Amino acid sequence: MKARFAGTLSTVLTLALFAPAPLALAQPLTPEQKLFREIYQELVEINTTDSAGDTTRASEAMAARLKAGGIPADDIKVIVPPGGPKKGNLVARLKGSGAKKPILLLAHLDVVEAKREDWARDPFKLIEENGYFYARGAADDKAMASAIVANMIRMKKEGFVPNRDIILALTADEEIIPSKFSGIEYLLKNHRSLIDAEFALNEGGGGHIDKNGKYLYHGVLAAEKVFQTYHLEVTNPGGHSSRPSKDNAIYHLADALSRLGKFDFPFKLTPVTRAYFERAAALESGQTAADMTAILRNPPDPQALARLSMMPAYNAQFRTTCVATMLDAGHATNALPQRAHGVVNCRVIPGESVAEVEKTLTRVLADAKISVKPDGEPVLAPPAPLTPEIMRPVEQISAQMWPGVPVIAAMLTGATDGRFLANAGIPTYGITGQFRDADGGGVHGLNERLRVKSLYEGQEFLYRLVKTLSSPQ
Ligand SMILES: [Zn+2]
């Protein structure tokens, strides 16, 4: 995923602490955990970067594991897009009674680049050290990918017959935007029937651990903001810089962007973010807790809103944002600029009209000389409903495994592959059961890591959750 739930929330939330510190895993591994660890290691050690990697190889390795685990060959498909021999995807199915529509379990196989010389250890070797697994993809997203493979094998071995098909999809090119080999887009377009489901579970959610090892809360993502970039351009005849005029392309653009910098899009809560602030208010203390409660009133308290708006992670939860990200202008040190170009990146609250956001942006820039052009089409992703069918088992299993640690639903201000599923009408929840360190655990960066205990907890949580969701209630 591109922008983590962990990064956006944990830096700001200073929550009351309920749970005891997790201790290192003391018990020997069960046979299921041993197999899971083998699968995890195998997957991590297959390089799946864009530059040198191969998700087809990873798909084939996981397909072989599923076959060996008893899943019929007909229910396992390695799907390689034309022109992308190293951009394969895996879809597999544990057949159920068909009483309900299937569940889709999604994880991506590709990982962000990692250079051996920059890392303390080989990024493509699984290293277990001081209670952590280290490797590129150790967390994002091979922990979930291997957990859903291992769990499908575990259920098959137990003879478990779900009341709905359980589908697993492991995909290419989640980390690349845009990519012509985006696995999830390819599957939706060409193999919809293979992955069609009532809802999907994906990366993005998960728990948060503070620096003392205390479990803070368990997050479920039920919405993603909509991503839309705009190109702004001003052109001008230019001329010699010794004879400037007030009509200057750089000044037009700079003035407009500084107006944008002072502007706030309107405050708006969705059912997901309202539920988030209700829970977060109960976990926060002092002024911040009071402010969270005050913005839930109708109308929201303006002073409370102003204070919370100063905190970027909260501000991004309750309003659309548009921010300048790039600038380039001029062609010579002694010439008046003939062209000024800027980029504004917007993150739109799901359900808001992107066309309206563009209109507002143009109005705030307030300069007819600036052309505003969208970069590509937005992927509209409606929030997934927080239904009791999903949330009750999540809360129950979470309470069994981590007593006293609250479950909080939230909106991702970044983006995952979940947006393509949501856009295609498959509600998608970010639920992993993995608790991660507050600093993000080196995801996308150096020395990516995941607690050993969190790996096995994530597997167990997903096993129990998927079983509950596919058993008669
Ligand atoms: Zn990811």
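This text follows the structure it describes.
Residue positions are given per chain, counting from 1 as you read along its sequence in written order. Reporting in this predicted model follows two pLDDT cut-offs: at least 70 for local features of residues, and 80 or more for side-chain atom pairs to be given and counted; totals over whole chains, interfaces and linings ignore these cut-offs and use all residues. Only hydrogens and water are set aside when side-chain values are computed; all heavy atoms of the structure are taken into account.

### Comments concerning the packing of helix H8 (residues 271-283) against helix H9 (residues 286-295)
Relative placement of two packed helices is described by the angle separating their axes and the distance separating the axes. Between H8 and H9, whose axes approach to 8 Å, the crossing angle comes to 155°. Judged by the angle between their axes, H8 and H9 are roughly antiparallel. Considering only the axes of H8 and H9, their crossing is left-handed. Each of Phe277, Ala280 and Ala281 in H8 lies in contact with H9, whose residues at this interface are Ala289, Met292, Thr293 and Ile295. Here the nonpolar group is Ala, Val, Leu, Ile, Met, Phe, Trp, Tyr, Cys and Pro; Asp, Glu, Lys and Arg are the charged ones; every other residue, Gly included, is treated as polar. For the contact of H8 with H9, the residue count by class is 6 nonpolar, 1 polar and no charged. A fitted line through C-alpha atoms represents every axis, and for helices the fit uses only the stretch in contact; the resulting angles, taken between N-to-C directions, go from 0 to 180 degrees. Put simply, DSSP marks the helices as runs of H or I at least four residues long and the strands as runs of E at least two long, and each gets a number from the N terminus on. Throughout, the term roughly parallel applies to angles under 35 degrees, roughly antiparallel to angles over 145, roughly perpendicular to angles from 65 to 115, and oblique to all others. Here a crossing is called left-handed whenever its near helix is offset anticlockwise from the far helix by less than a right angle, and right-handed whenever the offset is clockwise. Note on definitions: a residue-residue contact is assigned when non-hydrogen atoms from the two residues lie within 4.5 Å.

### Observations regarding unusual backbone geometry
In this model, Ile177 is joined to Pro178 through a cis peptide bond whose omega is -15°. Summarising the element assignment, Pro178 is placed in the loop between strand E6 (166-171) and helix H5 (183-190). The omega torsion across Asn298 and Pro299 is 0°, close enough to zero to call that bond cis. The residue Pro299 is located in the loop between H9 and helix H10 (302-309) in this model.

### Description of the sheet that holds strand E15 (residues 371-375)
Pairing between the strands of a sheet is mediated by backbone hydrogen bonds and can be parallel or antiparallel. For two strands to count as paired, DSSP must find a minimum of two bridges between them. With respect to topology, 4 strands assemble into an open sheet ordered E12-E14-E10-E15, the strand pairing being antiparallel. Each of the sheet's edge strands pairs with one partner strand only, and the pair in question is strand E12 (321-329) and E15. Ignoring strand direction, the axes of neighbouring strands in this sheet form an average angle of 25°. Contacting strand E10 (226-235), E12 and strand E14 (339-348), helix H7 (residues 249-262) runs over the sheet at an angle of about 20° to E14.

### Focus on the state of the cysteines
When the sulfur atoms of two cysteines come within 2.5 Å, that pair is taken as a disulfide. In total, this model carries 1 disulfide according to the counting rule given. There is a disulfide in this structure between Cys322 and Cys346, and the S-S distance comes to 2.1 Å. An S-S torsion of about 110° defines the bridge between Cys322 and Cys346 as right-handed. Separated by 24 residues along the polypeptide, Cys322 in strand E12 and Cys346 in strand E14 bring together distant segments of the chain.

### Looking at the pattern of salt bridges
Counted as salt bridges are all cases of a side-chain nitrogen of Lys or Arg within 4 Å of a carboxyl oxygen of Asp or Glu. On inspection of all chains with the given rule, the structure shows 29 salt bridges. Across the pair Lys100 and Glu389 runs a salt bridge, and its minimum N-O distance is 3.4 Å. One end of the pair, Lys100, is in the loop between strand E2 (89-94) and strand E3 (103-108); the other, Glu389, is in helix H13 (residues 388-401), with 289 residues separating them in the sequence. Since its relative accessible area comes to 33%, Lys100 is described here as partly exposed. Salt-bridge contacts for Arg449 lead to Asp437; the nearest nitrogen and oxygen are separated by 2.9 Å. One end of the pair, Arg449, is in strand E19 (residues 449-451); the other, Asp437, is in strand E18 (residues 435-437), with 12 residues separating them in the sequence. Buried means the residue's accessible area, taken with a 1.4 Å probe over protein chains only, is under 20% of the maximum for its type, while exposed means over 50%, and partly exposed covers the values in between.

### Comments concerning H8
It helps to recall that an α-helix has 3.6 residues per turn; residues three or four apart then point in one direction. Take the residue count of a helix, subtract one, and multiply by 1.5 Å to get its expected span. Between the first and last C-alpha of H8 there are 19 Å, a value that for 13 residues agrees with the 18 Å anticipated at 1.5 Å per step. The complete set of buried residues in H8 reads Val272, Thr273, Tyr276, Phe277, Ala280, Ala281 and Leu283. One face of H8 carries all of its buried residues, which in axial projection span an arc of 160°. Summarising the geometry of H8, the exposed residues directed more than 90 degrees from the buried face are Pro271 and Ala282. In this description, one arc is meant: the one made by directions from the helix axis to the C-beta atoms.

### A short note on the sheet that holds strand E5 (residues 132-134)
Across the sheet, 3 strands lie side by side as E4-E5-E19; this open sheet has antiparallel pairing. Since the sheet does not close on itself, it has two edges, and those belong to strand E4 (127-129) and E19, each with one partner. When strand polarity is set aside, the average angle formed by the axes of neighbouring strands in this sheet is 25°.

### A closer look at the pairing of E2
Of all the 6 residues making up E2, 6 are buried; the element is thus mostly covered by neighbouring parts of the structure. Of the two faces of E2, the one carrying Asn89, Val91 and Arg93 and the one carrying Leu90, Ala92 and Leu94 are both buried. Bridge count between strand E1 (residues 76-79) and E2: 4 bridges; the pairing is antiparallel. By the bridge assignment for E2, Ile79 is matched with Asn89. Two elements, E2 and E6, share 5 bridges in a ladder whose sense is antiparallel. The residue of E6 that forms the bridge with Ala92 is Leu168.

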